[in-house]
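# Inside the fold
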Amino acid sequence: MPDTADATQPADARPPVEATLVRAPNPGPMTLDGTNSWMLRGPHARGAVVVDPGPTDAAHLERLAEGGVELVLITHRHPDHTEAVDAFAELTGAPVRAMSDEWCRGAEPLVDGERLTAGGVDLEVLATPGHTADSACFALRRGDAPEPVAVLTGDTVLGRGTTIIAHPDGALGPYLDALRRLRAIGAAGGPVTVLPGHGPVLPDLAAICDAYLAHRAERLDQVRDALARLGAEASAEAVTDLVYGDVDAGVRFAAEASVRAQLAYLRDE
């Protein structure tokens, strides 16, 4: 059976929203425990909003479809989040929306800052390119309150570890901007819960964005040091050997992609 859990909101949230995690059965070095599919449902709603249907696994999709689906949202293009788009749209009849029209079914692409109401919940679309060019997060709002209850972060912020910058589709400059934007949202009021695309729920969006920004600054310093040793035109492979020398062979390609993103960023300074 899929792994499920509830993300609990503060007691003063109005109206209450149920955010249920249904974890896909696709664990691995890049997916951690599996892809997190989220079901969002307000009180008395006739259907849910599903974020990232994930892989094409019949039991997983049937669990997500329980109780009806009004809208499907996609955080980014990677197949562990999008493989089931067509199967799930056929199963539920729900429209699918994403930043890229490649993944939209029966609906228009999302727009940064757009407010969505479906499944008894209010969401704001946050364009957060960097991990991929089409990455988006979704702020779960409560009425007119300035701060969100939670933010669904896809792979922009993970529940454990840090994310790849999938160069050349992803880029470090936009990713740092996205982290700063999310940090500002998280710091605007009380702690904002993180509902990530992989790994466990996190309690404080601002704090994890601070940690991610510090990690990226440290990695950039390490790449600068590597270039000082190897020469300004050193290859991504050579820099990866120095900076990510202890990385597992199964995720070496991800380390090299991030190094290419870091080199592009530094060479454009």
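Coordinates for the structure precede this section.
Residues numbered from 1 in each chain as written. Predicted model: local features only at pLDDT ≥ 70, side-chain atom pairs only at ≥ 80, totals over all residues. Heavy atoms only, no water.

## Some details on the overall build of the protein chain
What the protein chain contains, in helices and strands, is seven helices and 11 strands. In terms of C-alpha radius of gyration, the protein chain reaches 19 Å, essentially the compact-globule figure of 18 Å for 269 residues. The principal-axis extent of the C-alpha atoms belonging to the protein chain is close to 60 × 40 × 30 Å. In the protein chain, which comprises 269 residues, the proportion classed as buried is 53%. Within the protein chain, contacts between residues at least 6 apart in sequence are counted, and of these 55% link residues at least 24 apart. Summing over all exposed atoms, the protein chain offers an accessible surface of approximately 11400 Å²; the carbon and sulfur share of this is 52%. Across the protein chain, 22 positive and 40 negative side-chain charges occur, with their mean positions spaced 4 Å apart. (Helix = DSSP H or I, 4+ residues; strand = E, 2+ residues; numbered from the N terminus. Rg over C-alpha atoms; globule rule 2.2 N^0.38 Å. Buried < 20%, exposed > 50% of the residue type's maximum accessible area, 1.4 Å probe, protein only. Contact = heavy atoms within 4.5 Å. Areas by Shrake-Rupley, 256 points an atom, 1.4 Å probe, with all protein chains shown as cover. Lys, Arg positive; Asp, Glu negative; His and termini not counted. Charge placed at Lys NZ, Arg CZ, Asp CG, Glu CD.)

## Here we look at unusual backbone geometry
Residue P168 is bonded to the preceding H167 through a cis peptide linkage, with omega at 10°. Within the secondary structure, P168 sits in the loop between β10 (150-154) and α4 (172-187). Unusually for a residue other than glycine, L32 sits at a positive phi of about 55°. When you line up the elements, L32 lands in the loop between β2 (18-23) and β3 (36-41). Residue H44 is not a glycine yet carries a positive backbone phi of 65°. Relative to the assigned elements, H44 resides in the loop between β3 and β4 (48-51). The exposed category is assigned to H44, whose relative accessible area is 81%.

## Let's talk about helix α1 (residues 58-65)
Among all positions in α1, only H60, L61, R63 and L64 are buried. Considered in projection along α1, the buried side chains sweep an arc of 160° and stay on one side of the axis. Residues A58 and E62 are exposed on α1 and point more than 90 degrees away from its buried face. Remark: G67 follows α1 within two positions and exhibits a positive phi of approximately 85°. (Arc of directions from axis to C-beta.)

## A short note on the nonpolar core
Among the nonpolar cores identified, the biggest contains 35 residues, and V151, V157, L182, L205 and V239 are the most heavily contacted of them. Of all the secondary-structure elements, those providing two or more residues to this core are β9 (136-141), α4, α5 (205-230), α6 (236-243) and α7 (252-267). With nine residues, the top contributor of residues to this core is α5. Excluding anything up to four places from it in sequence, L205 contacts V151, T153, L182, I185, G186, V192 and V194. With 22 residues, the next largest nonpolar core counts L116, A118, L140 and L152 among its residues. (Core = buried A, V, L, I, M, F, W, Y, C linked by side-chain atoms within 4.5 Å.)

## Points about the packing of α5 against α7
Helix packing for two helices is described by the angle between their axes and how far apart those axes are. It is the contact of α5 with α7, at a shortest axis distance of 10 Å, that shows an interaxial angle of 80°. When the interaxial angle is binned, α5 and α7 end up roughly perpendicular. Here α5 contributes R216, R219, L220, V223, R224 and L227 to the contact with α7, which in turn contributes S258, Q262, L263, Y265, L266 and R267. Residues of the contact of α5 with α7, tallied by class, amount to six nonpolar, two polar and four charged. (Axes fitted to C-alpha atoms, helices over the stretch in contact; angles between N-to-C directions. Parallel < 35°, antiparallel > 145°, perpendicular 65-115°, else oblique. Nonpolar A, V, L, I, M, F, W, Y, C, P; charged D, E, K, R; others polar.)

## Observations concerning the pattern of salt bridges
Tallied over the full model, the rule gives 12 salt bridges. With a closest N to O distance of 2.8 Å, E114 and R97 form a salt bridge. Residue E114 is located in the loop between β6 (96-97) and β7 (115-118), and its partner R97 is located in strand β6; the two are separated by 17 residues in the primary sequence. Taking relative accessible area as the criterion, E114 reaches 22% and is therefore assigned partly exposed. By sharing partners, the salt bridges in this structure join D241, R252 and E256 into a single network. (Salt bridge = Lys/Arg side-chain N within 4 Å of Asp/Glu carboxyl O.)

## Topic: the sheet that holds β10
Across the sheet, five strands lie side by side as β7-β8-β9-β10-β11; this open sheet has mixed pairing. In the strand order of this sheet, the two ends are held by β7 and β11 (193-196), each with one partner. Each neighbouring strand pair of the sheet contributes to a mean axis angle of 25°, computed without reference to strand direction. Looking at chain direction, β9 and β10 are connected through three bridges and run antiparallel. Bridge pairing in β10 places L140 opposite A150. Sitting on the sheet, α4 is in contact with β8 (121-127), β9 and β10, with an inclination near 145° to β8. (Pairing = 2+ DSSP bridges.)

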